[in-house]
Amino acid sequence: MINYKSIPTYLFIFLLTFCLKGYGQGNTGIILKGKLKNENNEPVEGATLLLKDAENGQVVKQELSEADGTFSFAVSAGSYVLAVSYLGAFVYQNDQLQLSASVDLGELKIKTANLNLKEIVIQSSRNQPLIKVEGRKMIYNVQRSITAQGSTALEALKKTPGVMVKQDNSVSINGASTALVMINGRQTYLQAEELAQLLKSISASDLKSIEIIKNPSAEYDAAGTGGIVNLVLQKSTTEGFNGSINNGLAYGKTIKQNTNLNLNFRQGKLNMFGSYNHSFGHYAMDYDNDRTTNGKVYLNANHDVDKKHHIASTLGADYAIDTTKTIGVVLNGNFSAGGGLITPVTGIYDQLTGRLLQTLRSQSSYPEQMTQRYNTNLNYRYKGTDHTTLDIDADYGIFDASTSNLSTNAYYNPSGEFQSANKFLVANSRNIKLYALKADYSFKIGKGKMLTGAKFSSVNAKNVFDQYDANGSEKVIDISLSNSFNYKEQISAAYVKYETSFSEDLAMDLGLRLENTHSTGDLQPRDGSIQSTNSVVRNYLNIFPTASITYKTKGSGTYNLSFARRIDRPAYNNLNPFSYPVDELSYWKGNPFLRPQYANTLALQYSYKKTTISASYTHTNDISNEITEVLTGNVINMIPRNIGFQNNLNMTVTQELNLAKWWNVSFTAMGYLLENKVGTIEYGNYSRQRFAGTINVQQNFNLPGEITAEFAGVVNSKNISGLNTDVKGNSQVDLGFQRNLMNKKATLRLAVSDLFRANKIITDTQLNNLLLHTTYAGETRQIRLNFTYRFGNNKVKTKDARESGLQNESQRL
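Rules and cut-offs
- Residues numbered from 1 in each chain as written.
- Predicted model: local features only at pLDDT ≥ 70, side-chain atom pairs only at ≥ 80, totals over all residues.
- Heavy atoms only, no water.
- Helix = DSSP H or I, 4+ residues; strand = E, 2+ residues; numbered from the N terminus.
- Buried < 20%, exposed > 50% of the residue type's maximum accessible area, 1.4 Å probe, protein only.
- Contact = heavy atoms within 4.5 Å.
- Areas by Shrake-Rupley, 256 points an atom, 1.4 Å probe, with all protein chains shown as cover.
- Pairing = 2+ DSSP bridges.
- Salt bridge = Lys/Arg side-chain N within 4 Å of Asp/Glu carboxyl O.
- Axes fitted to C-alpha atoms, helices over the stretch in contact; angles between N-to-C directions.
- Patch = residues over 30% accessible without salt bridge, like charges linked within 9 Å, V, L, I, M, F, W, Y side chains within 5 Å.
- Phe/Tyr/Trp six-rings, centres within 6.5 Å; stacked < 30°, edge-to-face > 60°.
- Lys NZ or Arg CZ within 6 Å of the ring centre and 35° of its normal.
- Core = buried A, V, L, I, M, F, W, Y, C linked by side-chain atoms within 4.5 Å.
- pLDDT = per-residue confidence, 0-100.

A.B. asks: If you had to explain the overall build of the protein chain to someone new, which residues and values would you point to?
C.D. replies: Within the protein chain one finds five helices and 47 strands. Within the span of the protein chain, comprising 813 residues, buried residues form 51% of the whole. The contacts in the protein chain between residues at least 6 apart in sequence include a share of 65% that link residues at least 24 apart. As displayed, the protein chain offers around 37,100 Å² of accessible surface, 56% of which is attributable to carbon and sulfur atoms.

A.B. asks: Give a detailed account of the sheet that holds strand β9 (residues 131–134), specifying residues and quantitative values.
C.D. replies: In spatial order, the strands read β9-β10-β15-β16-β13-β14; together these six strands make up an open sheet with mixed pairing. Strands at the two margins of the open sheet, each flanked by one partner only, are β9 and β14 (186–187). With six bridges connecting them, strand β15 (residues 207–213) and strand β16 (residues 228–233) associate as antiparallel partners. Along β16, the bridge assignment pairs Ser 209 with Val 232.

A.B. asks: Now, about the pattern of salt bridges: what can you tell me, with residues and values included?
C.D. replies: Tallied over the full model, the rule gives 27 salt bridges. The closest approach of N and O atoms between Lys 253 and Asp 286, which form a salt bridge, is 3.0 Å. Within this pair, whereas Lys 253 is found in the loop between β17 (240–251) and β18 (255–267), its partner Asp 286 is found in strand β20 (residues 283–293), the two being separated by 33 residues in sequence. Among the residues examined, Lys 253 registers a relative accessible area of 41% and is labelled partly exposed. Looking at Asp 286, the relative accessible area reads 25%, which means it is partly exposed. Residues Arg 526 and Asp 466 are paired through a salt bridge, measuring 2.6 Å at the closest nitrogen-oxygen approach. Taken together, the positions of Arg 526 in the loop between β30 (506–525) and β31 (534–553) and Asp 466 in strand β27 (residues 448–469) put the pair 60 residues apart, joining distant regions of the chain.

A.B. asks: If you had to explain the sheet that holds strand β4 (residues 70–75) to someone new, which residues and values would you point to?
C.D. replies: Each strand in a sheet pairs with its neighbour through backbone hydrogen bonds, running either in the same direction (parallel) or in the opposite one (antiparallel). Across the sheet, three strands lie side by side as β4-β1-β8; this open sheet has mixed pairing. Every interior strand has two partners, whereas the edge strands, β4 and β8 (103–109), have only one. Each adjacent strand pair in this sheet contributes to an overall mean axis angle of 15°, direction not counted. Pairing geometry for strand β1 (residues 30–37) and β4, over six bridges, is antiparallel. Counted as the bridge partner of Gly 34 is Phe 71 from β4.

A.B. asks: Explain a nonpolar patch on the surface to me, and be specific about the residues and the numbers.
C.D. replies: The grouping of Leu 249, Tyr 251, Ile 255, Leu 703, Phe 737, Met 742, Leu 748, Leu 750, Ile 783, Leu 785 and Phe 787 at the surface amounts to a nonpolar patch, some 950 Å² of accessible area in total. Going through the elements one at a time, β17, β44 (746–753) and β47 (782–792) are the ones with two or more residues in the nonpolar patch. Looking at the nonpolar patch element by element, the count peaks at three residues for β47. When you line up the elements, Phe 787 lands in strand β47. Exposure remark for Phe 787: the relative accessible area of 32% places this residue in the partly exposed category.

A.B. asks: Now, about the packing of aromatic side chains: what can you tell me, with residues and values included?
C.D. replies: Tallied over the entire structure, the rule returns 13 aromatic pairs. A ring pair is formed by Phe 335 and Tyr 374, whose centres lie 5.4 Å apart and whose planes are at 70°; its orientation type is edge-to-face. You can see Phe 335 sitting in strand β23 (residues 325–350) and its partner Tyr 374 sitting in strand β24 (residues 356–383), a full 39 residues away along the chain. With relative accessibility at 26%, the residue Phe 335 sits in the partly exposed group. Overall, the relative accessible area of 39% leaves Tyr 374 in the partly exposed class. Ring plane angle 20° and centroid distance 5.6 Å describe the contact between Trp 662 and Trp 663, whose orientation is recorded as stacked. Counting every residue linked through ring pairs, the aromatic cluster contains Phe 241, Tyr 789 and Phe 791. One Lys or Arg, Arg 291, reaches over the ring of Tyr 298 and ends 4.5 Å from the middle of that ring.

A.B. asks: Would you mind going over the nonpolar core in detail, with residue names and values included?
C.D. replies: One finds Leu 157, Leu 199, Ile 210, Val 229 and Leu 231 to be the most contacted residues of the largest nonpolar core, which totals 50 residues. A total of five residues in this core trace back to one element, the largest contributor, which is strand β26 (residues 418–445). If we ignore the near neighbours within four places in the chain, the residues touching Val 229 are Leu 157, Val 163, Val 171, Ile 173, Ala 179, Leu 180, Val 181, Met 182, Ile 210 and Glu 211. The next biggest cluster of nonpolar side chains, apart from the first, holds 19 residues, and it includes Phe 73, Val 75, Val 84 and Leu 108.

A.B. asks: Which residues make up the environment of Tyr 551, and what are the values?
C.D. replies: Checked against the element boundaries, Tyr 551 lands in strand β31. With a relative accessible area of 41%, Tyr 551 lands in the partly exposed category. Setting aside residues up to four positions removed in sequence, Tyr 551 forms contacts with Asp 505, Leu 506, Gly 557, Thr 558 and Tyr 559.

A.B. asks: Which residues make up the pairing of strand β29 (residues 483–501), and what values go with them?
C.D. replies: Where β27 and β29 come together, 18 bridges link them in antiparallel fashion. Among the inter-strand pairings, Val 464 is bridged to a residue of β29, identified as Ser 484. Bridge count for β29 against β30 is 19 bridges, and the pairing is antiparallel. Considered in β30, the bridge of Lys 497 is made with Gly 511.

A.B. asks: How would you explain the environment of Gly 316 if you had to name every residue and give the values?
C.D. replies: Tracing the chain through its elements places Gly 316 in strand β22 (residues 309–320). Expressed as a C-alpha distance, the spacing of Gly 316 and Met 272, which sit 44 residues apart in the sequence, is 5.8 Å.

A.B. asks: Describe the confidence of the model for the protein chain, and please don't skip the residues or the numbers.
C.D. replies: When pLDDT is averaged along the protein chain, the result is 85; 89% of the residues meet or exceed 70. Below a pLDDT of 50 lies the segment residues 116–126, which in the model reaches 23 contacts outside its immediate sequence neighbourhood of four places, other chains included. Below pLDDT 50 for its whole length, residues 795–813 participates in 48 contacts with residues either more than four positions away or in separate chains.

A.B. asks: So what about unusual backbone geometry? Which residues, and what values?
C.D. replies: Positive phi, close to 55°, is recorded for Asn 184, a residue that is not glycine. Position of Asn 184 relative to the elements: it lies in the loop between β13 (180–183) and β14. The backbone of Asn 743 shows a phi angle near 55°, a positive value even though the residue is not glycine. Within the secondary structure, Asn 743 sits in the loop between β43 (730–741) and β44.

Below is the structure:
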């Protein structure tokens, strides 16, 4: 039997041995060096030197000239071409160099006299397209959106074309199943609600872009049947010391304040960076949960005020050991704390006569809500001259959360006279420890490249739930309603992928990923409880094939056909078989027999200039969804179950338009046909299908007075969800204005989100004799004012500026 606890040790020893053996040193004993000087015989500092393979033109090395103009490359024997750019302009390229021994090129004279910063064409985030496609990725440029600034990463995610964030905070792509949300290419290993708290603590101003990958290849984790959404955080490449600070105010129903600070220092081989942001203020939500069952109608209205404050911070450093090796460390901390108050009112009526029978007035007070997350990443990067790369990442994270909820429930007769009351206290704590170790290795084989790697991850989660009777002067624990649930999950993975080009027009890749999942869920009731211990152990091995073929036509665009198989494992809380009270009339319960769901996706994508058209078909087995069941006494129980399979046929069109010099439009239209084939013992077999769609439009205007304006809108049609739920259409319109100040060192933004307060989630569900109607309206309409100031030595040259002259070559690194 495999000893899963020993896997990280074996993997670490293997990687350490691999590195200590002198990996990557090979034939790098040859040194190519020289010195750059201008027309005045002065050393040229900060020029970009690219060493390209003479046979295929691919960049194999990149360096910057030192303060004295010198440069050097450690290379292997071969034929090369040296190209130099300075201040964004191409200034030098030599003839082919045949290297078999070290060579000193001496002094190379380059022309700099007529180059100045005004001549540099730097493609900033404001000039980049809002949406662009790179291979299988669709990239949403968050920095370009005026209305996204001053909000959270979760709000920015909701604005991303093709991405849907549901009421339970789960994320889907193109109306398909759940997507895997990553940050800087790394999993968070958090459930939907925990992930939402993390994203609320991250400022949208910290985001560089959001990548949507519908059909990821084998090097990506297989989790997420809907694909991958990757949030890319900003990381400055500017030389010297620089930074920015952003302060903002927002008003919806109450005042909110946010601050975001970024610092960066880059000098020589060392790069240090850090950030801090916070979001303070209350957030209001109103939602109704109405139901009709067994001759009674329950009209429930809730007003919820979340008083948590969110803080996040990052500290990191990179150090270049030499021209081929870099090590780095990143420390993250995310914190949320504060209270909350929910005031539900439920009227109970007779269905036939409409007569009021009883009123339940409740109050749920959250005196304590706390979450804290710490994460440490250590990384090693090697990029050799022979197209060989090695990336090693080690992650360790801790997530702690605790809540206490004092719930008071009082019943009144139709005349408003008090009948009875019940008060209970719920204390819930979660402690999660995360470990991950992975290595990715690539090398050249023939005309193609082989990529291979391994990963081990471990999640240890402990959930403690205690319920107390609070009717007396002292609270008394109810042992029959209290428990602890411990969940351990270990995933061992390995993959191999080969990519090659048959010609300049035709390329392909084939991949295979294996993932073994070993999990244990233990329910431990309190001593003296009549509840029994429950333990579920699972061990399953899955194979995930991927494939892609790309064809570039001469002048008419690029076609890409891809296939991928993916998985959604049950969230660990969904496996806890214990019942949790939401109020006296409704409970939530996990399902220890919940199975993973699997999806196979075939996608075709066409891109031409500023137009992208994609079509995909996804078949998902064992789809899971929360089902509401009626128990004795009209009490309802919400439980996740595997309900059948789903077919999703999707088409998406993205178009960038320049209607005038002062008017740019980004347009995304998505239409999909969703079919759910359900088979359950309780509700029988049936099929439901509906065509749905989303239109997302963002318009940018350059107005007089150096003012930039943004008008953004999204419209979602009716759609279906889960077992038998109809979701009504909704929409949102945002408006924003921006102006640069203080010689473009500062920016002032004014924005209004959800101008018409039309972004409401309304659902209707019918299950046998149970009718459910829900309405959810968050504090989506807000007016936000933000001021950003950028400081540091603005005259220093950035890598982005220096590389812009050889952008195509740089992209091939």
